[in-house]
Amino acid sequence: MSSTELPFVPPATVLPKVAPVRVGEGERLRSVGLPGITLTVRSRPPARGGLPPALYVHGLGGSSQNWSALMEQLEGDVDGEAIDLPGFGDSPPPDDGNYSITAHARAVIRFLDASGRGAVHLFGNSLGGAVSTRVAAVRPDLVRTLTLVSPALPEIRVQRSAVPTGLLALPGVAGLFTRFSRDWTAEQRVRGVTALCYGDPGRVSPEGFQDAVEEMERRLQLPYFWDALTRSARGLVNAYTLGGQHALWRQAERVLAPTLLVYGGRDQLVGFRMAQKAARTFRDSRLLTLPEAGHVAMMEYPETVAGAFREFVADKGTEGARGASGGSVGGSDRRDGSVGPSGEGAPGDGRDAATASGDGADTTIVGS
């Protein structure tokens, strides 16, 4: 084995025992075995029966826990489940060691097909946003609506703060970083991740921070932790280089499902300037901008994101339109709802709303 190759990862059947993953109040965890993969699924019992299904897909280095706050906000609106992608959270590595965007999308599709719940409201953040875009493009029958929070779609000019994450994709870098950070405590690592992903790290409660530290300690005991992170980063970078029908922006153009786009003004990983490009590319889209949010708006401002989703679905009618019914509904709906520094308000809450039209799209600025 060359010095640039990643270490051998033992199969899931011989992985060491580690501390159990955290399960929040009202949440349930279960394991689902599928061809070549085993997925851990986090869910909340819906407030009532008959609610439409929803699926949440986390980002690079994240887990289903990233969606807990939003899932709680929406338990009266959808029957929600969040998966740990293979190699992340409590899901073991895939049998074939494939962490490409296509492989992650295949895992999501296999889960949705096996669940038998029909088309879902699909949510994706960062890497999960790229994965969800691909799922919606190739299997429109599985997606009612698509909600993307800071989706990791290709950028020509990457922010400097995002470069270190991208460098993980290079052979040997993960090993160097592991040696460099050998003496870092779990608390130091969590502070670094929080500073990178949150617009205001102060919004993390002491309890939430301690939960994150415990989860970091658990993950660092997993022999495949760096392998999954590195190979997924490499898969994302490789997806950026694909052309033709497999290019992520080309696939975004093919998405039929009504799409809610959420971007944070303080995002250090996905450029805020990409918001308008995304709004132009997804054919039936609405754009919500949160000037004070970072990369994980669903964790920083779950109430605002939930309110925007509710209005979005209500405007589309019933439980949301889906591509399988014959295309997008309602034509273009590119609305930019900017939320002020307090993070309060959402499009349509009736507070200090000003509307101006331009380029054929409605722009709504709410609160300030």
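For the structure, check the block above.
Residues numbered from 1 in each chain as written. Predicted model: local features only at pLDDT ≥ 70, side-chain atom pairs only at ≥ 80, totals over all residues. Heavy atoms only, no water.

Colleague: Which parts of the structure should I look at to understand the environment of Leu 287?
Modeller: When you line up the elements, Leu 287 lands in strand S8 (residues 285-290). In sequence terms Leu 287 and Leu 261 are 26 residues apart; their C-alpha atoms lie 4.7 Å from each other. (Helix = DSSP H or I, 4+ residues; strand = E, 2+ residues; numbered from the N terminus.)

Colleague: Can you walk me through helix H10 (residues 274-281) in this structure?
Modeller: Restricting attention to buried positions, one finds in H10 the residues Met 274, Ala 275, Ala 278, Ala 279 and Thr 281. On an axial view of H10, the arc spanned by its buried residues comes to 165°, and they lie on one face. Those residues of H10 that are buried are in contact with helix H9 (248-254), strand S7 (259-264) and S8. (Buried < 20%, exposed > 50% of the residue type's maximum accessible area, 1.4 Å probe, protein only. Arc of directions from axis to C-beta. Contact = heavy atoms within 4.5 Å.)

Colleague: How should the nonpolar core be read in this particular structure?
Modeller: For soluble globular proteins, nonpolar side chains are generally found buried alongside one another. Judged by nonpolar contacts, the single largest core of 50 residues is most densely connected at Val 108, Phe 111 and Phe 282. Dropping the residues within four chain positions of it, Phe 111 is found in contact with Arg 30, Val 32, Leu 34, Leu 39, Val 41, Leu 55, Glu 81 and Ile 83. Within the second largest apolar cluster, 28 residues are counted, among which are Val 149, Leu 260, Leu 269 and Met 298. (Core = buried A, V, L, I, M, F, W, Y, C linked by side-chain atoms within 4.5 Å.)

Colleague: Can you help me understand the packing of helix H6 (residues 186-197) against helix H7 (residues 206-220) in this one?
Modeller: Think of two packed helices as two axes; the pair is described by the angle between the axes and how far apart they sit. Taken N-terminus to C-terminus, the directions of H6 and H7 make an angle of 115°; their axes are 9 Å apart at the nearest point. In terms of orientation, H6 and H7 fall into the roughly perpendicular class. In terms of crossing hand, the pair formed by H6 and H7 is right-handed. Within the contact between the two elements, H6 uses Ala 186, Glu 187, Arg 189, Val 190 and Arg 191 and H7 uses Phe 209, Ala 212, Val 213, Met 216, Glu 217 and Leu 220. Of the residues assigned to the contact of H6 with H7, the class counts are seven nonpolar, no polar and four charged. (Axes fitted to C-alpha atoms, helices over the stretch in contact; angles between N-to-C directions. Parallel < 35°, antiparallel > 145°, perpendicular 65-115°, else oblique. Left-handed = near helix turned anticlockwise from the far one by under 90°. Nonpolar A, V, L, I, M, F, W, Y, C, P; charged D, E, K, R; others polar.)

Colleague: Even after reading the chapter, I still don't get the pattern of salt bridges, so can you show me in this structure?
Modeller: Pairs can form between side chains of opposite charge whenever their charged atoms are close. Evaluated as defined, the whole model comprises 19 salt bridges. Between Glu 27 and Arg 42 there is a salt bridge whose closest N-O contact spans 2.7 Å. Taken together, the residues span a long stretch of sequence, with Glu 27 in the segment before strand S1 (28-34) and Arg 42 in strand S2 (residues 37-43) at a distance of 15 residues. This pair shows no difference in class: Glu 27 is buried, exactly as Arg 42 is. The network of salt bridges with shared partners includes Arg 30, Asp 79, Glu 81 and Arg 117. (Salt bridge = Lys/Arg side-chain N within 4 Å of Asp/Glu carboxyl O.)

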